[in-house]
Amino acid sequence: MGSEHSKNEGGSSMVFLRKGPKLPAWEDALLSGKEPKSLLKRGLRYVSLSLIMKGMTSTPDFLWGLPEVQKLNLSRNQLVVIPPSLGKLDRLVVLNLGGNCLKFLPKEIGLLRNLKVLFVNMNCLTEVPAELSLCRKLEVLSLSHNSISQLPFSFTDLTSLRKLNLSNNRFVQIPLCVFALRSLDFLHLGSNKLENIAESVQYLVNLQIFIIENNNIRTLPRSLCFITTLELLNADYNAIQTLPDDLYLLRRLRRIAWNPMDKGLHIAHNPLSRPLPEVIEGGLDVLFNYLREKKEHN
């Protein structure tokens, strides 16, 4: 019996060795014995892979062997690091890393030369690699809900960027590189620590939506009034007391807006000096007429 026991013991040991290293529970659940390529969704335009809310604490190794992926969603996991292998997925057009625990992005992100949309919102970033500026096709970038206080000046090379979300960070001033992004039509800087808006804002000649709510801004610059493409200007919950006389030039602002989603001028929730609060109650036309007449008398 002793010899039989030894034989069985040895046999079970050999079976154990054939299993190889054990996969993390979430990775084993993802594959369920299937080939990684089986997770891909092939649409009319893009090859997609969604691994949203999978409880991942690290990226699965099989991911870097799928170079055909064009849309990748790794959002709402517990990822702490994205490895340099990310650079292997150079066909990526859309990358969603939102809702993780990332403290930095790998420099190899600059190898994603086809990237058009990048979400890294709701992470723990304190800086952004300069190499991201090599993604010259980038059109949409969300860095909201992080701890970023500055951007690399090389971001001036992101000339295709149309939508930039920098809200809920630690910016004390708008980074200079932002004023070089002439294609921007959406800029969100709400819930930062801004105290002023530089006159250089006038160079954002295609801006349609500009959100600067919930900061410490005291005045709006006169140059802001020359961005006649503006359809939504949200400056609520600041420390603004007066308005520039030329504000009436912003003809595409259709109304005094109260709902955060509405286009128009959001300005009422500020310590405006009298008679501005009463004037605003009359609507945008009344406000614009007041500012025009005030300018003519000065």
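Remember, predicted model here, so these are calculated numbers, not experimental data.

(A) Geometry of the state of the cysteines. Inspection of the entire model under this criterion finds 0 disulfides. Cysteine 177 takes part in no disulfide bond, and the closest cysteine sulfur, belonging to cysteine 135, lies 15 Å away. Cysteine 177 gets classed as buried once you look at its relative accessible area, which sits at 2%.

(B) Fine view of the packing of aromatic side chains. Within the structure shown, the criterion is met by 0 aromatic pairs. Looking at arginine 292, its charged tip hangs above the ring of tyrosine 248, at a distance of 4.8 Å from the centre.

(C) Quick peek at the environment of glutamine 202. Residue position: glutamine 202 is located in the loop between β8 (186-188) and β9 (209-211). The class for glutamine 202 is partly exposed, based on a relative accessible area of 31%. If near-sequence neighbours (up to four positions away) are discounted, glutamine 202 is found in contact with Ser223, Phe226 and Ile227.

(D) Just the pattern of salt bridges, in detail. Across all of its chains, the model carries 12 salt bridges by this definition. Between glutamate 68 and arginine 42 there is a salt bridge whose closest N-O contact spans 3.7 Å. Placement of glutamate 68 in the loop between β2 (47-50) and β3 (71-73) and of arginine 42 in strand β1 (residues 41-42) is noted, with a sequence separation of 26 residues between them. The buried category is assigned to glutamate 68, whose relative accessible area is 12%. As a salt-bridge pair, lysine 294 and aspartate 245 come within 3.6 Å of each other at their nearest N and O atoms. On the criterion of sequence distance, the pair formed by lysine 294 in helix α4 (residues 284-297) and aspartate 245 in the loop between β10 (232-234) and β11 (264-266) is long-range, its members being 49 residues apart. Bridged by salt links that share partners, the residues Glu139, Arg162, Lys163 and Asp185 form one connected network.

Here is what the cut-offs are and how they apply
- Residues numbered from 1 in each chain as written.
- Predicted model: local features only at pLDDT ≥ 70, side-chain atom pairs only at ≥ 80, totals over all residues.
- Heavy atoms only, no water.
- Disulfide = S-S within 2.5 Å.
- Buried < 20%, exposed > 50% of the residue type's maximum accessible area, 1.4 Å probe, protein only.
- Phe/Tyr/Trp six-rings, centres within 6.5 Å; stacked < 30°, edge-to-face > 60°.
- Lys NZ or Arg CZ within 6 Å of the ring centre and 35° of its normal.
- Helix = DSSP H or I, 4+ residues; strand = E, 2+ residues; numbered from the N terminus.
- Contact = heavy atoms within 4.5 Å.
- Salt bridge = Lys/Arg side-chain N within 4 Å of Asp/Glu carboxyl O.

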